[in-house]
Structure formats: C-alpha cells, structure tokens
Amino acid sequence: MDDVVVMQPRFRSRLPKDAPSVSIVVPTLNEAANLPHVFALIPSGVLEVLVVDGHSTDDTVEVARSLRDDVRIVLQNSKGKGNALACGFAAARGEIIVMMDADGSTDPREIPAFVQTLMDGVDFAKGTRFAFGGGSSDITWHRDMGNRALNGAVNLLFGTKYTDLCYGYNAFWAHCLPAMQVDCDGFEVETLMNVRIARSGMTIKEVGSHELERIHGESKLHPVRDGLRVLRTIVGERMRKQPEPCDISWRPEYRELAATVAGDSLVVATA
Ligand SMILES: Nc1nc2c(ncn2[C@@H]2O[C@H](COP(=O)(O)OP(=O)(O)OP(=O)(O)O)[C@@H](O)[C@H]2O)c(=O)[nH]1
Ligand SMILES: [Mg+2]
C-alpha cells in the first residue's frame, strides 16, 4: 500500500491534564518508511518513546533518531515481536506503558483515550477493533475469522469477555508487568498478555480503536504459523497453574526479572 496516505488531518492529540508519565513502546522491523508518519502524531508530553528494533536491515534506527532526538533505542536480544515487547517493557520508565505498532496501523492520536481509561481507575486498557466504535481498514477476512475463533476460545476457557484478542494496541499501568511476565517470542504476545492479565484479577477495560492500513512495506505476520502459535499459547496457559496473586511492590523485582529475560545483551541507547 505504498501510495496510500492514511492520516489526515495531521494534528497531534494531547495527553489528558495531569496525566502520569507515559512510555510508548514501538517494536520495529524494517519500518523506516513508516516511522515519520507515526512519530508525527505522537502526543506531546509523553515521557519517552522506545523503539525496540529487531536488527532492521533498513535505516529504521537512524530514521527514529532523526525524528526525535530523545528517542530511546532498544535492540532486542532475540527474535520476534514478543521478545521485542519484553525488552521494551524492561527498559520503560513510565508509570503508564503504551504498546503500539510502527507501520501506521495504530494511530497515536488514540493514545489519550487509552491513558484516560487508565486514569479512570482501570489497570489494563485493551484496544479493540470490534466494539466501542472501533474498526479496521486493514484486517483481511481470513485473519478476522481466525481472530474471532481464537478470541472465542479464550473467552470460553478463561471466562473473559474480550472482543479482539490479537490486537497490538494496548496500554497499562507498569504495575501490571509482573502479572504478565512477557516471556514469549512472536505474535502470540498479545494473547499471552491478555490471558495472564485476566487471570491475575486486574481490571481490564476495552477501548475502541480504528486500525488503519499499513502504510509502507509488508506484514511480518504469517496467519497460519502465527495462528497456531496463538492456539498453542492458549492451551499452554490453560494448563499452567493459576499464578500467585500479584505482589504490588513490583518494580525492583520486575526489573530483575526483565533483565533476566533480556539478558546482558539488552542495549538501551539514548541518542
Ligand atoms: N522488533 C521487532 N519488531 C517486530 C518483529 N516482527 C514484527 N515487528 C513489529 O511489530 C509490529 C506489528 O507487525 P506487523 O508486521 O505490522 O504485523 P501485523 O500488524 O499483524 O500485520 P499487518 O496488519 O499486515 O501489518 C510492527 O511495528 C513490526 O515492525 C520482530 O521480530 N522484531
Ligand atoms: Mg501491522
């Protein structure tokens, strides 16, 4: 979709008044052409933007640095979007963490709605394309069907009421991190997070979001391979023992845990 311009008019939204500190975690794999569109719409006032790069072969990192001199670049230490998010979460310093994609499909102008939902007293604000005014210009029929089936399985097995299991646009208070312990590699990451956060007893609210078309480049998702990974994750989580209730004195412990997940090779650089 190289010639499609999706974001008009180009204005930034504002964070809610008195918003806590917000970290935006953006996994990137060869997204140099898309980052200018995404960064242009990030609300002013966020604490930090972390680009978690999967060793892109284009100039994603250079472009990110040229767009924001305060960008924090994290080089993921393994492969896949799940690992990228785990590394980004480990490095994030904000009270609120927003996870969004770099391909232009998740609109930064929606960030204030996610943040406001958290400020209203919810632990986890989960984006949905299929309720509360959300939508998608990007999802294909096959992926829609797959997502619905997997979503139904999770709702059945875990008693949740999710409407969009595999959407990559979410925000949460950093105190949710120990409950999720993100330790997977690939596109099953949203499923893992959604299931673990539900089992932890934290409060979750869905936020309507409109998914736009990827602007440039190609999707890294393989529907069958990644659908099977999601299915395996659902089964694995169902067989997993109910985790202990979350200890809210979370932060130092999580940093240690995250450092273990990320290993010594977690590289965080401020330009
Ligand atoms: N760091 C890192 N980022 C990744 C990796 N795989 C995907 N991403 C990023 O994760 C985000 C989502 O990936 P996409 O390929 O857009 O997947 P998708 O949104 O399900 O697919 P489309 O809807 O077709 O775009 C994008 O910002 C990618 O650049 C990876 O292995 N490492
Ligand atoms: Mg995408």
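Residues numbered from 1 in each chain as written. Chains lettered and ligands numbered in written order. Predicted model: local features only at pLDDT ≥ 70, side-chain atom pairs only at ≥ 80, totals over all residues. Heavy atoms only, no water.

**Quick word on a nonpolar patch on the surface**
Thought 1: There is a patch of nonpolar side chains on the surface, built from Val224, Leu228, Leu231, Val235 and Met239 and spanning about 510 Å² of accessible area.
Thought 2: Note on placement: Val224 falls in helix 8 (residues 223–239). (Patch = residues over 30% accessible without salt bridge, like charges linked within 9 Å, V, L, I, M, F, W, Y side chains within 5 Å. Areas by Shrake-Rupley, 256 points an atom, 1.4 Å probe, with all protein chains shown as cover. Salt bridge = Lys/Arg side-chain N within 4 Å of Asp/Glu carboxyl O. Helix = DSSP H or I, 4+ residues; strand = E, 2+ residues; numbered from the N terminus.)

**Some remarks on the pattern of salt bridges**
Thought 1: Counted according to the given criterion, the structure contains 18 salt bridges.
Thought 2: For Glu31, the salt bridge is made with Arg214, and the minimal N-O distance between the two is 3.0 Å. One end of the pair, Glu31, is in the loop between strand 1 (22–28) and helix 1 (35–39); the other, Arg214, is in the loop between strand 9 (210–211) and helix 8, with 183 residues separating them in the sequence. Across this residue pair, the class does not change: Glu31 and Arg214 are buried.
Thought 3: Among the ionic pairs, Arg196 bridges to Asp183, the shortest N-O distance being 3.1 Å. Of this pair, Arg196 sits in helix 7 (residues 189–199) while Asp183 sits in the loop between helix 6 (177–180) and helix 7, and the two are 13 residues apart along the sequence. (Buried < 20%, exposed > 50% of the residue type's maximum accessible area, 1.4 Å probe, protein only.)

**Structural notes on unusual backbone geometry**
Most peptide bonds adopt trans geometry, and most residues besides glycine take a negative phi value.
Thought 1: Of note, the phi angle at His55 is positive, near 55 degrees, even though the residue is not glycine.
Thought 2: Position of His55 relative to the elements: it lies in the loop between strand 2 (48–53) and helix 2 (60–67).
Thought 3: Although it is not a glycine, Phe132 sits at a positive phi angle of roughly 50 degrees.
Thought 4: Summarising the element assignment, Phe132 is placed in the loop between strand 5 (124–128) and strand 6 (135–136).
Thought 5: Relative accessible area serves as the criterion here: at 60%, Phe132 is assigned to the exposed category.

**Some words on the site of ligand 1**
Thought 1: Surveying the vicinity of ligand 1 reveals 21 residues, the closest of which are Glu31, Gln76, Asp138, Ser219 and Lys220.
Thought 2: Separating an oxygen atom of ligand 1 from a backbone N or O atom of Lys220 is a distance of 2.7 Å.
Thought 3: Expressed as a share of its isolated accessible area of 630 Å², the protein-covered part of ligand 1 is 92%.
Thought 4: Comparing atom positions with the cavity grids shows ligand 1 to sit within the largest pocket.
Thought 5: At the level of secondary structure, the elements contributing two or more residues to the shell around ligand 1 comprise strand 1, strand 2 and helix 3 (81–91).
Thought 6: Counted by class, the shell around ligand 1 contains seven nonpolar, five polar and nine charged residues. (Near = heavy atom within 4 Å. Polar contact = N/O pair within 3.5 Å; in protein donor to acceptor, adjacent residues only side chain to side chain. 1 Å grid on protein atoms, 1.4 Å probe; cavity = no way out; pocket = protein on both sides within 12 Å on 5 of 7 lines; lining within 4 Å. Sits in = over half its atoms within 2 Å of the grid points. Nonpolar A, V, L, I, M, F, W, Y, C, P; charged D, E, K, R; others polar.)

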